[in-house]
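Examination of the molecular architecture
Below, each chain spelled out in residue letters.
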Amino acid sequence: MMPSSGKINIAATAQRLDVDNRIPLRYYYRIADNILKQADIFRAEKNIIDLYVMLLRFSGLVSETIPYHRDYRASLQSQKIYLKTRLLNALNELEELKPAVIQKINELNRRYTYQSNSLQRSAVKNQSLTYLGMAKAVRPAAQELNYNGSRAQKFSYSKPMEEQFRRMSLNLLRPKEETLSKHSILGPNGLYGQWQPPKTNIQVQYPSNIDLTPIEFPSLQQPIENKLPGKSDHSNSETEASSTESIVTIDNCENSQKCHVDEPCPMISFEESETIPNITRQPSPPPVLAEVQDLVPAISPQVTEGDCRIDNPSTDGLVPSESPLQLHIATTMMESFMKLAKSNTDRNLETCGVLAGSLKNRKFYVTALIIPKQESTSDSCQTTNEEEIFDVQDKKSLFPLGWIHTHPTQSCFMSSIDLHTHYSYQIMLPESVAIVMAPRDSSRKHGIFRLTTPGGMSVIRQCQKRGFHPHVQPPDGGPLYNTCTDVYMNPNLNFDVIDLR
């Protein structure tokens, strides 16, 4: 009963079951008995929430479904009295359980809220640590910009700083050295060379094909002679050289080691009296917390998932879930069934069997494979003398957990006849499954299916056709049936084969 909001909703799991007059009334009586049998197990396991849900289901079935069946008035009076007595007992127990159930639900909701908040805080903390790690990686490089050494060690911080930024690389393409040197104010050698101030003995040769004729703009009446004032008399040529691509040739510097002069640069000064200012970085934006859904798989030792998988099981064992209970099937059961069906499969005849089992700790276990008397064709299979099946289940106190059948000549899917057959099983128990064995299907040898709720169940309930026929799409636009999501193939599970043929 844990929807996406995380709040337990008992009403969602105890909805009214609509009556279907095509199903015999005795089936509804068996449904009531199975619900009370589950309630007895949950009561023994002190699982008060699932017990409360089962009692609600029983009360709704007896008071809102069974009395509206067309055969109810003609049913035995003893059955009516029995149901009314059990109904009164269920209502009294519901009243007794209500305070404890409300307290338990509030406790579970608080626990869920705490776990959800803890998960959110953990996500925020992890993202914050990520940003903090990036900030720590940047901070040493920023601190190294504070130069306090001698003039000869002025650029010793360049390589460590580049190494720090290289570690923080975001997989961006490194610009070419030519691009860096073109835009670097430190000259063609960038950070790898010694800074040299401008020299007066460097010849600047401008291209001879550049037309320097002033261009007059009609909207601008200012004369061309208006220029930015220079700081010194000989800075005009340097200003023009910085705004135009020039060809610089060094002819008068025969010894490069003697070309260094102590004349300060008019734009940048690296005198010891001045220090590079600290870099002030804007704080990173806070991380955006994405919606996190807590998905904790139920791990059982030596239990592996089969063709189906479980999406959102409960690990508590006592906390009810909105999805059906888990269903465990022995890994060798399908192989054993195919051996029993081999004679029919060789003749292209279908074979069917009934799955039955027990309930423990909110898990159903298929512990019996019943092979009933049946009539088979190449594309259908019909059980006969169903009372024998009910007798076996009652004597061994087994729950009806579904059915299994072969498609000897077809692929692995649910036909329209299969959907109507499984509808009666799923009415009996929502956890019931339909297993299809298709030995000649090269892509999928078997499948475990269940009608969708409420879409597929409502379509089949309203369908009055027989034989092979198409079905309309459910009102919600979903499929009629799905591969089940709560079945485990259990290698440690034993089962009995009961062949009634």
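Residues numbered from 1 in each chain as written. Predicted model: local features only at pLDDT ≥ 70, side-chain atom pairs only at ≥ 80, totals over all residues. Heavy atoms only, no water.

Looking at the overall build of the protein
The helix and strand tally for the protein stands at twelve helices and 14 strands. Considering only residue pairs separated by 6 or more positions, the protein has 75% of its internal contacts joining residues 24 or more positions apart. Carbon and sulfur atoms make up 53% of the accessible area of the protein, which amounts to about 31,200 Å² in all. (Helix = DSSP H or I, 4+ residues; strand = E, 2+ residues; numbered from the N terminus. Contact = heavy atoms within 4.5 Å. Areas by Shrake-Rupley, 256 points an atom, 1.4 Å probe, with all protein chains shown as cover.)

Topic: the environment of Thr421
Within the secondary structure layout, Thr421 lies in helix H11 (residues 416-428). For Thr421, a relative accessible area of 25% gives the class partly exposed. Each C-alpha atom of the pair Thr421 and Trp403 lies 9.3 Å from the other, and the pair is 18 residues apart in sequence. (Buried < 20%, exposed > 50% of the residue type's maximum accessible area, 1.4 Å probe, protein only.)

A few points about helix H10 (residues 386-395)
Inspection of H10 places Ile389, Phe390, Val392 and Gln393 among the buried residues, and these make up the whole buried set. Burial along H10 is one-sided: seen end-on, the buried residues are contained in an arc of 160°. For H10, the secondary structure elements touched by its buried residues are helix H2 (25-44), strand S5 (352-360), strand S6 (363-371), strand S9 (399-406) and strand S14 (496-499). Phi turns positive, to about 55°, at Ser397, one or two residues after H10. (Arc of directions from axis to C-beta.)

Observations regarding the packing of H2 against helix H3 (residues 48-65)
The interhelical angle for the contact between H2 and H3, taken along N-to-C directions, is 160°, at an axis separation of 8 Å. In terms of axis orientation, H2 runs roughly antiparallel to H3. Between H2 and H3 lies a crossing whose hand is left-handed. From H2, Tyr28, Ile31, Ala32, Ile35, Leu36, Gln38, Ala39, Phe42 and Arg43 reach across to H3, where they touch Asp50, Leu51, Met54, Leu55, Arg57, Phe58, Leu61 and Thr65. Counted by class, the contact of H2 with H3 contains twelve nonpolar, two polar and three charged residues. (Axes fitted to C-alpha atoms, helices over the stretch in contact; angles between N-to-C directions. Parallel < 35°, antiparallel > 145°, perpendicular 65-115°, else oblique. Left-handed = near helix turned anticlockwise from the far one by under 90°. Nonpolar A, V, L, I, M, F, W, Y, C, P; charged D, E, K, R; others polar.)

Focus: the pattern of salt bridges
One pass over the full model with this rule turns up twelve salt bridges. Shared partners join several salt bridges into a network, and the residues in it are Asp40, Arg43 and Glu93. (Salt bridge = Lys/Arg side-chain N within 4 Å of Asp/Glu carboxyl O.)

Focus: unusual backbone geometry
Leave glycine aside and you will find that most residues have negative phi; peptide bonds, for their part, are mostly trans. The peptide bond linking Thr453 to Pro454 adopts the cis configuration, its omega dihedral lying at 5°. Here Lys46, not a glycine, exhibits a phi torsion of approximately 60°, which is positive. Along the chain, the position of Lys46 falls in the loop between H2 and H3. With relative accessibility at 69%, the residue Lys46 sits in the exposed group.

Overview of empty space enclosed by the protein
This model, assessed by the stated rule, comprises one cavity of 30 Å³ or more. In this structure, the largest cavity occupies an estimated 50 Å³ of space. Lining the largest cavity are Glu350, Asp379, Ser380, Cys381, Trp403, His405, Ile417, Asp418 and Thr421. Those elements that provide at least two residues to the lining of the largest cavity are S9 and H11. (1 Å grid on protein atoms, 1.4 Å probe; cavity = no way out; pocket = protein on both sides within 12 Å on 5 of 7 lines; lining within 4 Å. Points joined across faces, edges and corners; volume = space filled by probe spheres on them.)

Quick notes on the packing of aromatic side chains
How two aromatic rings sit relative to each other is set out by the distance from centre to centre and by the angle between their planes. This structure, assessed with the given rule, holds four aromatic pairs. For the pair Trp403 and Tyr425, a centre-to-centre distance of 6.1 Å together with 5° between the ring planes defines the contact as stacked. With Trp403 in strand S9 and Tyr425 in helix H11, the pair connects residues that are 22 residues apart, well separated along the chain. The exposure class assigned to Tyr425 is buried, which follows from its relative accessible area of 18%. Consider the rings of Phe449 and Tyr481, whose centres lie 5.3 Å apart with planes at 80°: the pair is edge-to-face. Of this pair, Phe449 sits in strand S11 (residues 446-451) while Tyr481 sits in strand S12 (residues 481-483), and the two are 32 residues apart along the sequence. The partly exposed category is assigned to Tyr481, whose relative accessible area is 24%. The ring of Phe390 has Arg30 sitting right over it, with the charged end atom 4.2 Å from the ring centre. A cation over an aromatic ring shows up here: Lys37 above the ring of Phe399, its NZ or CZ 4.9 Å from the ring centre. (Phe/Tyr/Trp six-rings, centres within 6.5 Å; stacked < 30°, edge-to-face > 60°. Lys NZ or Arg CZ within 6 Å of the ring centre and 35° of its normal.)

Description of the confidence of the model for the protein
Of the residues in the protein, 56% reach a pLDDT of 70 or more, and the chain-wide mean stands at 74. Across residues 1-5, where pLDDT falls below 50, the model places 20 contacts with residues more than four positions away in sequence or in other chains. Note on residues 152-158: pLDDT is under 50 here. Beyond four places in sequence and across chains, it has nine contacts. (pLDDT = per-residue confidence, 0-100.)

Observations regarding H2
The end-to-end C-alpha separation of H2 is 29 Å, in line with the 28 Å expected for 20 residues at 1.5 Å each. Looking one or two residues beyond H2, the residue adopting positive phi is Lys46, at roughly 60°. (Expected span 1.5 Å × (residues − 1).)

Details of the nonpolar core
Met333, Leu355 and Ile435 are the most contacted members of the largest nonpolar core, which totals 86 residues. Among the elements that line this core, the one with the most residues is H2, at ten residues. Beyond its immediate sequence surroundings of up to four residues, Leu355 is in contact with Met333, Val366, Ala368, Leu369, Phe399, Pro400, Leu401, Gly402, Trp403, Ile404, Val433 and Ile435. (Core = buried A, V, L, I, M, F, W, Y, C linked by side-chain atoms within 4.5 Å.)

Details of the pairing of strand S4 (residues 326-330)
Looking down a regular strand, the side chains alternate between one sheet face and the other. Counting buried positions over the five residues of S4 gives five, a clear majority of the element. Residues Gln326, His328 and Ala330 point to one face of S4 and Leu327 and Ile329 to the other, with burial holding for every one of them. Direction of pairing for S4 relative to S6: parallel, over a ladder of three bridges. Looking across to S6, one finds that Gln326 is bridged to Lys363. Here four bridges tie S4 to strand S13 (residues 487-490), and the two strands are oriented parallel to one another. Opposite His328, over in S13, you have Tyr488 as the bridge partner. (Pairing = 2+ DSSP bridges.)

Points about the environment of Ile49
Residue placement: Ile49 occurs in helix H3. Residues Ile49 and Ala100, 51 residues apart in the sequence, show an inter-C-alpha distance of 9.0 Å.

With respect to the environment of Thr384
Following the sequence through the fold, Thr384 ends up in the loop between strand S8 (381-383) and H10. Sequence separation of Thr384 and Gln374 is ten residues, and the distance between their C-alpha atoms is 5.2 Å. The residues contacting Thr384, other than those within four sequence positions of it, are Lys373, Gln374 and Glu375.

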